[in-house]
Amino acid sequence: MEPQLHDTGMTIGRYTHVQHYKDGLFSEIFKALVPAAERQPTDPVLVALKVTTLFDNTPPHDAAKEARLLEAAKGQNIVPLLESFQRPSGRLNMVFPFMPHDLGILLQRKQITKGTGRAIIRDLFSGLKHLHHLGIIHRDIKPSNILLASSDGPAYIADFGIAWSPHDKASEPADQKILDVGTTCYRPPELLFGNQKYDSTLDMWAAGCVAAQVVCLDGKTLFDAGDLGSELALIKSIFESLGTPDVEVWPEAATFPDWGKMNFKQYPGKSWEELLPGAGQNARELVRGLVVFESGWRLTAEAALEHGYLKTS
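In this text, all values refer to a predicted model and were calculated from it rather than measured experimentally. (Residues numbered from 1 in each chain as written. Predicted model: local features only at pLDDT ≥ 70, side-chain atom pairs only at ≥ 80, totals over all residues. Heavy atoms only, no water.)

Trainee: Which parts of the structure should I look at to understand the packing of aromatic side chains?
Mentor: The relative placement of two aromatic rings is captured by the distance of their centres and the angle of their planes. On inspection of all chains with the given rule, the structure shows 12 aromatic pairs. Geometrically, the ring pair formed by Phe 239 and Phe 264 is edge-to-face, given 5.2 Å between the ring centres and 80° between the ring planes. With Phe 239 in helix H6 (residues 231–242) and Phe 264 in the loop between H6 and helix H7 (272–275), this pair connects stretches of sequence that are 25 residues apart. Exposure remark for Phe 239: the relative accessible area of 2% places this residue in the buried category. Among the aromatic residues, ring-to-ring pairing joins Phe 193, Trp 205, Phe 223, Phe 239, Trp 250, Phe 256, Trp 259, Phe 264 and Phe 293 into one connected group. Here the guanidinium or amino end of Lys 177 rests over the ring plane of Trp 164, the centre of that ring lying 4.7 Å away. (Phe/Tyr/Trp six-rings, centres within 6.5 Å; stacked < 30°, edge-to-face > 60°. Helix = DSSP H or I, 4+ residues; strand = E, 2+ residues; numbered from the N terminus. Buried < 20%, exposed > 50% of the residue type's maximum accessible area, 1.4 Å probe, protein only. Lys NZ or Arg CZ within 6 Å of the ring centre and 35° of its normal.)

Trainee: Would you explain the environment of Lys 65 in this entry?
Mentor: In this fold, Lys 65 is placed in helix H1 (residues 63–72). For the pair Lys 65 and Gly 161, spaced 96 residues apart in the sequence, the C-alpha separation amounts to 7.5 Å. A polar contact is formed between the side chain of Lys 65 and the backbone oxygen of Ala 163, at a distance of 2.8 Å. (Polar contact = N/O pair within 3.5 Å; in protein donor to acceptor, adjacent residues only side chain to side chain.)

Trainee: Whenever I open this one, the layout of surface pockets confuses me. Can you help?
Mentor: Left-over empty space is what a probe sized like a water molecule reveals as it rolls over the atoms. One number sums up the size of the second largest pocket: a volume of about 280 Å³. In terms of lining residues, the second largest pocket is bounded by 15 residues, among which Lys 220, Thr 221, Leu 222, Glu 274 and Leu 275 are the most central. (1 Å grid on protein atoms, 1.4 Å probe; cavity = no way out; pocket = protein on both sides within 12 Å on 5 of 7 lines; lining within 4 Å. Points joined across faces, edges and corners; volume = space filled by probe spheres on them.)

Trainee: Just to check I follow, could you spell out helix H3 (residues 114–133) for this structure?
Mentor: Each α-helix winds once per 3.6 residues, and so residues spaced three or four apart point in a common direction. Here H3 contains 20 residues, and its C-alpha end-to-end distance of 29 Å stays within 8% of the 28 Å for a straight helix at 1.5 Å per residue. Where H3 terminates, the next one or two residues include Gly 135, which has phi positive at roughly 85°. (Expected span 1.5 Å × (residues − 1).)

Here you go:
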């Protein structure tokens, strides 16, 4: 049965029956219909329109860059950008197939099974493999940015609003990247100690944190940044969980601008059985290979796809 939307009388471009869906930090999301008379056989019936006012953007948020990177990144498990257009009001409109689910909501509602979770993680790493081969760093991997066409998948990486590419004119220099990226408990430790030279391994730490939630099926985040999302609270949570690192555990830290400015309590760290209760050994090993202090020791997306946990059905 074809999806139905009541006629609000509102249109955006050629799209009709436009309804407000949700608000983002710098954008509004609407859902709308593609008029039947203009619809091609491969067109979706329902679309999502992400509407951003260009002059409201503050670095690293950049809607025009987002549209360019989505065009450059077209591929499997990347949310498809159908078109983008600008209105005279200065608003940029990006059009996507409407996807009614995101991983964050499914985790909150405990609607993920072990089999579905494995498939979603596989899709996530497939998308990251594609992005990283292009040199693109997403910089905001988290459950709410993983969209699903149905509760069983497939899953797509979405929201490239703060993504970075060495090939885009609006991206910062590779050794002077913005530190204010990522979302609270998914931010890797190198950001917290001032490393502006980070690379795609930043996404792999965040993906490991997402995988930790999925394999435990309880929606709880691996680390806790507190109610205010403070960096010190996040550092404490990471150190309590993994153990307070030294330069043997984390050699690159010695080169970070903010390393050594504070003395931290020496936490012994917890076992992965304690950190991921209820997860199987293969699942724990996958997360353990991603959530690693030394960024160069983290699994790549390609290696993660070859991991035993994702090779089982």
